[in-house]
Amino acid sequence: MSIIDKYLSEIQNETSASAGLPGIDSPHSRKKPLKYYDEQNTDPEELRNNEGYSNNKLGRILIDLDRTIHSYEKSWSDGSLYGHVLSGAKEAIDKLSVDYEIVIFTSRLSQEAHPLEVREEQKRLISEWLGNNNIYFDHITADKLPGIYYIDDRAIRFEGDWKATFNFINSITTSEEKG
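A brief structural summary.

### Points about the sheet that holds strand β3 (residues 139-141)
What the 4 strands build is an open sheet, ordered β3-β2-β1-β4; its pairing is parallel. If you trace the sheet from one side to the other, it starts and ends with β3 and β4 (149-151), each paired once. On average, adjacent strands in this sheet sit at an angle of 25 degrees to one another, irrespective of strand direction.

### Comments concerning the pattern of salt bridges
Using the criterion set out here, one finds 6 salt bridges in the structure. A salt bridge links R108 to D66; its shortest N-O distance comes to 2.8 Å. Taken together, the positions of R108 in the loop between β2 (100-105) and α4 (116-132) and D66 in the loop between β1 (59-64) and α3 (89-99) put the pair 42 residues apart, joining distant regions of the chain. Here K90 makes a salt bridge to D94, at a shortest N to O gap of 2.5 Å. Taken together, the residues K90 and D94, both in helix α3 and 4 residues apart, mark about one turn of the helix. Overall, the relative accessible area of 26% leaves K90 in the partly exposed class. Three or more residues joined by partner-sharing salt bridges are found here, namely E121, R124 and E128.

### As for the environment of I135
Among the structural elements, I135 can be located in the loop between α4 and β3. Taking the relative accessible area as the measure of exposure, I135 reaches 0% and is therefore buried.

### Some remarks on the environment of Y136
The residue Y136 is located in the loop between α4 and β3 in this model. On the accessibility criterion, Y136 (2% relative accessible area) is buried. Residues Y136 and V103 lie 33 residues apart in sequence; the distance between their C-alpha atoms is 9.3 Å.

Analysis parameters
- Residues numbered from 1 in each chain as written.
- Predicted model: local features only at pLDDT ≥ 70, side-chain atom pairs only at ≥ 80, totals over all residues.
- Heavy atoms only, no water.
- Pairing = 2+ DSSP bridges.
- Helix = DSSP H or I, 4+ residues; strand = E, 2+ residues; numbered from the N terminus.
- Axes fitted to C-alpha atoms, helices over the stretch in contact; angles between N-to-C directions.
- Salt bridge = Lys/Arg side-chain N within 4 Å of Asp/Glu carboxyl O.
- Buried < 20%, exposed > 50% of the residue type's maximum accessible area, 1.4 Å probe, protein only.

Below, the structure is given as structure tokens:
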């Protein structure tokens, strides 16, 4: 039994009635328990080695949390999620969840930016906020897991042309500086 499996088993036995704690799924997800991410933010191998093609799903879609699902009105502030669900997010995710594994990703859980205690509290707050807003998800992570689609407010689609990509970034930066 791997350390992650052992920890998941212990967490489930100790806190199975506590929705939203690290390693424990909330009732809103309609799924098995969340996979636990350990102190090194290591994902279980099954998440790393597949793209969500389990459970008769077509694949995995990763969706950024802030400014994509959550309005992020007060920025990071104290780490709380003050904002509302962006228009259409819940409905789209509900429809996508029928055919795809839904993974919420966020830098709020970044090992590089936050100590373990902050990451665990953020995961609890995010799970609670998603649950309170009836937003479906299979997992929450900071990692870029294998997936077939990534939905992110800061993404730039790369089309194989670095000159065009550079020019696009430069035009955005220039227009933001002007105004």
